Structure formats: C-alpha cells, structure tokens
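Next come the chains, spelled out residue by residue.
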Amino acid sequence: MRREELSFERPTHLFASQPPEMRGQSRDDVRLMVTWPEGDNTHHTFTELPTLLKPGDLLVVNESATLPASLPATSRLGSIRLNLSTRFSDDLWIAEPRWSPSRPGPLPLDEGDMLQIGDGAGKLLKSYPGIPRLWLTQFSAATSILMGKYGEPIHYSYAPVYPLEVYQTLFSRLPGSAEMPSAARPITPRVHNMLLAHGIGITGVILHTGVSSLEIEDETVEHQVLYPEPFHVSAATANAINAAHARGGRVVAVGTTVVRALETAWTGKVIRACAGDTSLYLHPGTGVHAVDGLLTGLHDPVTSHLAMLSALIGIGRVKEAYQEAIRHRYLWHEFGDSHLIWKQRVENN
Amino acid sequence: MITSRTEEELHDAAASLRAMGAKVSAITGDINDPNHRTRLLQETNLMGGVSLLVNNASDLGETPRPELARASIDRFRQTLETNLVSPLALIQQALPQLQQSHGLVINITSDAGEAGYERWGIYGSSKAGLELVSKTLAAELKPLGISVVTVDPGDMRTQMHQEAFPDEDISDRPLPEVTLPFWAWLIHQDPPTLSGMRYQAQGTLWEIPA
C-alpha cells in the first residue's frame with residue numbers, strides 16, 4: 001500500500017482540546033459512531049455502548065497507566081523537551097527530543113550529547129535505527145524520580161496540559177505508558193455497570209504505549225519501522241478471550257494498543273499467555289485475527305493507527321467512515337469521540 | 001574484554017568503545033587456541049570477572065558454500081570446532097567467574113541452524129548444535145545461577161554475509177546497528193527469567209516467559 005492511500009484532509013477544526021469533564025460534562029458524554037460489518041455507519045451516544053453489544057461479548061481494555069513522561073531539558077540547542085517513550089530500565093529509555101510540545105524533531109543532536117534535566121542528566125547514545133527522531137538515552141538518575149520531580153503528561157499542540165489523573169482511565173493500574181491509552185476514557189463507572197448488567201465481560205491486558213507515531217515516512221506503508229512496546233497478556237486473560245470465542249461471543253479490543261498486544265499473543269488459532277516487548281506492525285498485508293471489533297478514537301491521516309484500521313475493514317471503508325465523522329462533526333484525538341469498528345466478515349473464516 | 005583474530009579490526013572496535021566511555025581490554029587471538037582462551041579469562045579475572053559472555057566468533061566454512069554431499073570433511077570439522085566446540089570450551093573455562101557473577105551467556109546462532117536451506121548444511125549444523133548446547137546448558141547451569149540464551153541476529157550487511165553471497169549486492173541488508181535496540185533491551189532483563197530462550201534480534205517479539 002502506498003502512503004498516499006492513508007491520506008485525508010486533517011480536520012483540524014475538529015481536534016478536541018478539552019476533555020468533556022473540563023466542560024462540566026461527564027467523561028461518557030461523548031459520541032459513538034459504529035461502523036458495521038456491512039460497512040454502514042450509525043451514530044450514537046457513548047452510553048448506548050452496552051446496548052450495541054450482546055451478552056457473551058468481551059471487551060479487552062489496556063490496564064497500563066499514564067506516566068508524567070514529558071521532561072523539560074536543556075541541551076546545547078537551548079531549552080527543549082524530552083518525551084520518554086519506551087523503558088528498557090529505569091535509566092535507559094527510547095526517548096524523543098522535541099523543540100517543544102507542539103514542535104517535533106528530529107533535532108540536530110549528536111551521539112554523546114548531554115541533556116540536563118533538573119539535577120539529572122540524559123546522554124544520547126544512538127539514534128533509533130530507522131526512526132531518527134528517537135534516541136536510546138542513558139540517564140544519570142532514576143527516571144522514575146526525574147518524572148516525579150519534573151515530568152508532566154505528554155501533550156501536543158492541539159491541547160494544553162492537564163493534571164495526570166485526566167490521562168488515566170477506570171482501568172489504569174500499572175504505570176508505564178508514555179501516552180494515555182485513551183480508548184477506555186469514556187468508560188465511566190456507570191457505563192461499566194451497564195456493560196456488566198448486560199452480560200458483557202471485561203478483561204485486561206497491559207501494553208505500555210510509547211510516543212505516538214508521526215506520519216508514516218516510508219513511501220510503502222508496510223516498510224515503516226515501529227519501535228518496541230512492553231506488554232503482558234496473562235493466562236487468565238488469554239483463557240477469557242478463548243472462552244468468549246468458543247461460546248460465539250465477539251471480542252472487542254478497547255484501543256489499538258490492545259489489538260497490538262493480542263495479535264502478538266495470537267498463535268493462529270487461540271490467544272496464549274505472552275509477555276515481552278512487541279514491535280508488531282499491523283497493516284492491510286497482515287490483517288487482524290485475534291479480535292472481532294475495535295473501540296477506538298478518531299486518528300490522524302497517514303499513521304500506523306490508520307494502517308491497523310485498514311487491516312480491519314479496508315482503507316475504503318475507513319475513509320467512508322471518516323468522511324461521515326467529519327460531516328457529523330465528530331471530535332478527534334484522545335479527548336474526542338469514539339468509534340466502534342466491527343471487522344469485515346470473511347467467508348469460510 | 002573483546003577478542004578477534006584480526007588485530008586491526010579489534011583495535012578499531014576497542015577505540016570506538018573507549019570513545020563511548022567504556023573500559024576495554026582487547027586481545028588478539030584464535031578462540032580455538034586453548035592458551036588464548038586461558039589468557040582471556042586470566043585477564044577478565046583481573047578486571048573483576050565475567051558477568052556477560054557473548055560467543056559471536058563464527059566460521060562460515062568453505063566458500064562457495066558446498067552441498068553436504070560434496071563438502072570437505074576436514075573443513076566441516078574445522079567449522080564445528082570454531083562454532084560449536086570452542087564456545088563450549090570457553091564457557092567451561094569461564095564457569096567459576098560466571099558463577100560468581102550469576103552471569104549470562106549469549107550464543108549467537110542463525111536461522112540456518114533451523115531451516116535446512118540448501119548449501120547451508122555445514123554452517124547450519126554447527127549452529128543447530130550450538131542451539132542444543134545452549135538449551136542444555138540453560139537447564140544444567142540453572143542451579144549455579146548462570147543463564148544462557150541464543151540470539152539469531154538476522155541478515156545483516158557484514159563481511160560474513162558478503163562471503164556467503166559472494167556475487168550478490170547485499171546493500172539492501174541492514175547494518176548491524178539495526179540490532180542495537182535489541183541488545184539494549186536484552187542486557188536490561190533479569191537473566192534467570194530468560195534462560196533457555198532463543199531470540200531473533202530483528203524479530204517483532206522479544207519474549208519473556210509470561
């Protein structure tokens with residue numbers, strides 16, 4: 001697939017800059033578009049989610065909590081931002097130096113450059129192979145302490161920074177994500193209770209997200225390099241998902257991170273207990289096998305997220321749905337509206 | 001401590017490591033020479049002992065790579081010596097130091113050790129042997145607190161890869177630095193949880209037993 005095929009006009013007027021609770025509403029006060037297996041799109045409120053699912057269906061959420069992973073740093077280029085992305089140890093990360101929250105890199109930095117972060121320091125060891133804006137970075141102090149002292153949640157140009165709890169969901173339990181796994185944000189205790197009352201199961205995986213992808217740079221979508229992210233699919237979760245499939249229930253990933261974790265744990269027939277770091281890249285060439293649906297937000301053009309959506313339903317239907325969302329003024333990004341996508345039915349599957 | 005038969009390459013590698021701030025000792029020699037192995041380990045002992053042993057030295061065997069039916073048996077023995085026997089000999093000699101440090105042994109293998117590709121039987125069987133040696137050692141050395149893994153680095157633009165494909169332009173293969181993130185990841189894991197695992201450095205999953 002060529003990169004232009006994932007392109008559409010960025011609806012900047014529809015970027016959500018504020019979470020609903022900051023407007024005096026509830027977190028579940030967002031809209032929900034459903035793209036059905038036949039390709040038609042319908043419009044709902046998020047609180048209708050339980051009625052759009054069937055008893056026996058299973059939601060899989062990401063239980064990773066968001067870190068204050070954005071650090072102010074001083075380099076030989078002056079004041080910059082260092083966004084931590086993937087943790088190898090408390091003093092070694094893949095990190096992204098940026099000019100500012102709104103201005104990405106790559107910055108003209110070199111191997112061995114030192115970044116001062118308060119009373120700590122980071123040394124740029126090597127740029128990430130194939131992703132020059134990311135650096136393997138060695139820290140003089142524990143990053144958990146640096147984040148506690150100086151860190152704030154990663155944020156970009158379309159939204160100001162909010163307190164850390166704004167970036168957590170009902171299911172966040174293990175800190176480790178550089179950016180909020182946001183798809184479960186509108187699942188409030190009342191939606192959660194309605195889901196359970198409807199006989200819909202909920203189970204969790206861990207996938208600690210790195211910094212969000214910029215646009216795919218390679219002309220060929222399938223050639224884009226992704227960096228690793230730590231994940232964990234427990235035996236209990238694997239059993240719950242396999243049991244749901246066995247009884248004819250549908251498995252819905254809440255967030256693209258969950259799809260990534262489950263596809264990594266997919267043996268070709270079932271989900272197995274599995275942990276480690278995954279850099280699995282899902283695109284139309286790979287397909288998606290482990291889930292029947294995806295509850296997510298609305299994503300930017302030419303990103304790996306969009307490649308994954310195309311793996312689920314084909315780029316044609318993704319674009320139709322997005323045109324529909326733009327017409328109906330759905331809001332984009334982590335504080336915006338939701339999108340439930342059912343996988344296209346395949347014969348003989 | 002780094003070692004190689006080629007003095008100039010070894011010294012270049014040592015210089016680049018020192019530029020990164022590492023304390024490096026570099027000794028030229030052949031890993032098949034027991035005296036060389038002894039000397040290496042005497043030196044590491046003075047440096048504080050071995051906590052990580054990487055067996056990377058390998059011999060591709062005859063080039064062009066022959067079919068097994070026509071392969072030189074003497075040359076086969078020589079390849080096994082370098083790729084299979086000497087790594088085990090070095091591990092045996094390093095055991096006291098590895099036990100002291102609860103160290104990790106990384107043996108570099110290859111997909112040729114699993115696949116049965118035509119004309120890869122000599123090199124491939126040496127690597128298949130190293131896979132089994134590693135798995136067995138992982139089980140046997142567990143009580144000593146020593147861990148063993150194998151790593152298949154994948155196709156890379158190296159001198160050995162060029163020798164394996166003498167008439168091919170291999171510039172489409174990535175440089176060895178493509179595996180750096182994997183090494184950074186691996187050396188920060190808790191070795192006993194990984195012992196017995198086989199990794200593909202360029203693979204999409206670096207697994208830890210769940």
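Draft legend 1. How the structure looks around the overall build of chain B. Assigned secondary structure in chain B consists of 8 helices and 7 strands. For chain B, whose C-alpha radius of gyration is 17 Å, the value lies close to the compact-globule estimate of 17 Å for 210 residues. Burial status across chain B gives 30% buried among its 210 residues. Partitioning the intrachain contacts of chain B with sequence separation of at least 6 by distance along the chain shows that 63% fall at a separation of at least 24.

Draft legend 2. Quick peek at the interface of chain B and chain A. On the chain A side, the residues contacting the 13 residues of chain B number 21 residues. Secondary structure elements with two or more residues in the side of chain B that touches chain A: α7 (180–186) and β7 (205–208) of chain B. Residues that form the side of chain B that touches chain A fall into these classes: 9 nonpolar, 2 polar and 2 charged.

Draft legend 3. The sheet that holds strand β1 (residues 31–35) of chain A, seen in detail. In spatial order, the strands read β2(A)-β1(A)-β17(A)-β16(A)-β14(A)-β3(A)-β12(A)-β13(A)-β15(A)-β7(B); together these 10 strands make up an open sheet with mixed pairing. The open sheet has two edge strands with one neighbour each: β2 (41–45) of chain A together with β7 of chain B. Neighbouring strand axes in the sheet, compared pairwise and without regard to direction, differ in orientation by 25° on average. Bridge count for strand β3 (residues 58–62) of chain A against strand β12 (residues 201–207) of chain A is 5 bridges, and the pairing is parallel. Within β12(A), the position partnered with Val61(A) by the bridge is Gly204(A). Strand contacts of helix α7 (residues 315–327) of chain A: β1 and β2 of chain A, with the helix running at about 150° to β1(A), the strand carrying the most contacts.

Draft legend 4. Region of interest: the domain arrangement of chain A. Residue and element names in this part refer to chain A. In terms of domain boundaries, chain A breaks down into domain 1 (3–66 + 163–342) and domain 2 (70–150). Computed from C-alpha atoms alone, the centre-to-centre distance between domain 1 and domain 2 is 28 Å. Residue-level contacts link 10 residues of domain 1 with 12 residues of domain 2. The residue makeup of the side of domain 1 that touches domain 2, split by class, is 7 nonpolar, 2 polar and 1 charged.

Draft legend 5. A look at helix α5 (residues 256–264) of chain A. For α5(A), a buried count of 9 out of 9 residues is recorded, marking the element as mostly surrounded by other parts of the structure. Inspection of α5(A) places Thr256(A), Thr257(A), Val258(A), Val259(A), Arg260(A), Ala261(A), Leu262(A), Glu263(A) and Thr264(A) among the buried residues, and these make up the whole buried set.

Draft legend 6. Main features of the sheet that holds strand β5 (residues 147–152) of chain B. Residues and elements named next belong to chain B. Reading across the sheet, the 4 strands line up as β3-β4-β5-β6 and stay open at both edges, with parallel pairing between neighbours. Strands at the two margins of the open sheet, each flanked by one partner only, are β3 (52–55) and β6 (198–200). Each adjacent strand pair in this sheet contributes to an overall mean axis angle of 25°, direction not counted. Two elements, β3 and strand β4 (residues 104–108), share 4 bridges in a ladder whose sense is parallel. Note on β4: the bridge partner recorded for leucine 52 is leucine 104. Across the sheet, helix α3 (residues 73–101) touches β3 and β4, and the angle it forms with β3 is around 175°.

Draft legend 7. The arrangement of the nonpolar core in detail. Grouped together as the largest cluster of nonpolar side chains are 66 residues, with contacts concentrated most on Val60(A), Val233(A), Val254(A), Val258(A) and Leu262(A). Per element, the largest residue contribution to this core is 7 residues, and it comes from helix α6 (residues 304–313) of chain A. With 54 residues, the next largest nonpolar core counts Phe88(A), Leu40(B), Leu53(B) and Leu84(B) among its residues.

Draft legend 8. Summary view of the environment of Ala244(A). Residues and elements named next belong to chain A. Along the chain, alanine 244 turns up in helix α4 (residues 235–246). Overall, the presence of 23 C-beta atoms within 10 Å leaves alanine 244 in the buried class. The sequence separation of alanine 244 and leucine 71 amounts to 173 residues, and the corresponding C-alpha distance is 42 Å. Other than its neighbours up to four places away in sequence, alanine 244 contacts Gly56, Leu58, Gly201, Gly249 and Val251.

Draft legend 9. Examining the pairing of strand β9 (residues 120–128) of chain A more closely. All names here are of chain A. For strand β8 (residues 114–117) and β9, the ladder comprises 4 bridges, and the chain directions are antiparallel. Each residue of the ladder has a partner; that of glutamine 116, found in β9, is alanine 121. A loop of 2 residues connects β8 with β9, the two strands running antiparallel in sequence, and glycine 118 in this loop sits at a positive phi of about 55°. Two strands pair when backbone bridges link them, and β9 and strand β10 (residues 131–139) are joined in this way by 6 bridges, in the antiparallel orientation. Bridge pairing in β10 links glycine 122 to phenylalanine 139. Here β9 hands over to β10 after 2 residues, with glycine 130 in that stretch at a positive phi of 85°.

Conventions and cut-offs
- Residues numbered from 1 in each chain as written.
- Chains lettered and ligands numbered in written order.
- Predicted model: local features only at pLDDT ≥ 70, side-chain atom pairs only at ≥ 80, totals over all residues.
- Helix = DSSP H or I, 4+ residues; strand = E, 2+ residues; numbered from the N terminus.
- Rg over C-alpha atoms; globule rule 2.2 N^0.38 Å.
- Buried ≥ 20, exposed ≤ 12 C-beta atoms within 10 Å, placed from the backbone.
- Contact = placed C-beta atoms within 7 Å.
- Nonpolar A, V, L, I, M, F, W, Y, C, P; charged D, E, K, R; others polar.
- Pairing = 2+ DSSP bridges.
- Axes fitted to C-alpha atoms, helices over the stretch in contact; angles between N-to-C directions.
- Domains from an automatic or database assignment.
- Core = buried A, V, L, I, M, F, W, Y, C linked by C-beta atoms within 7 Å.

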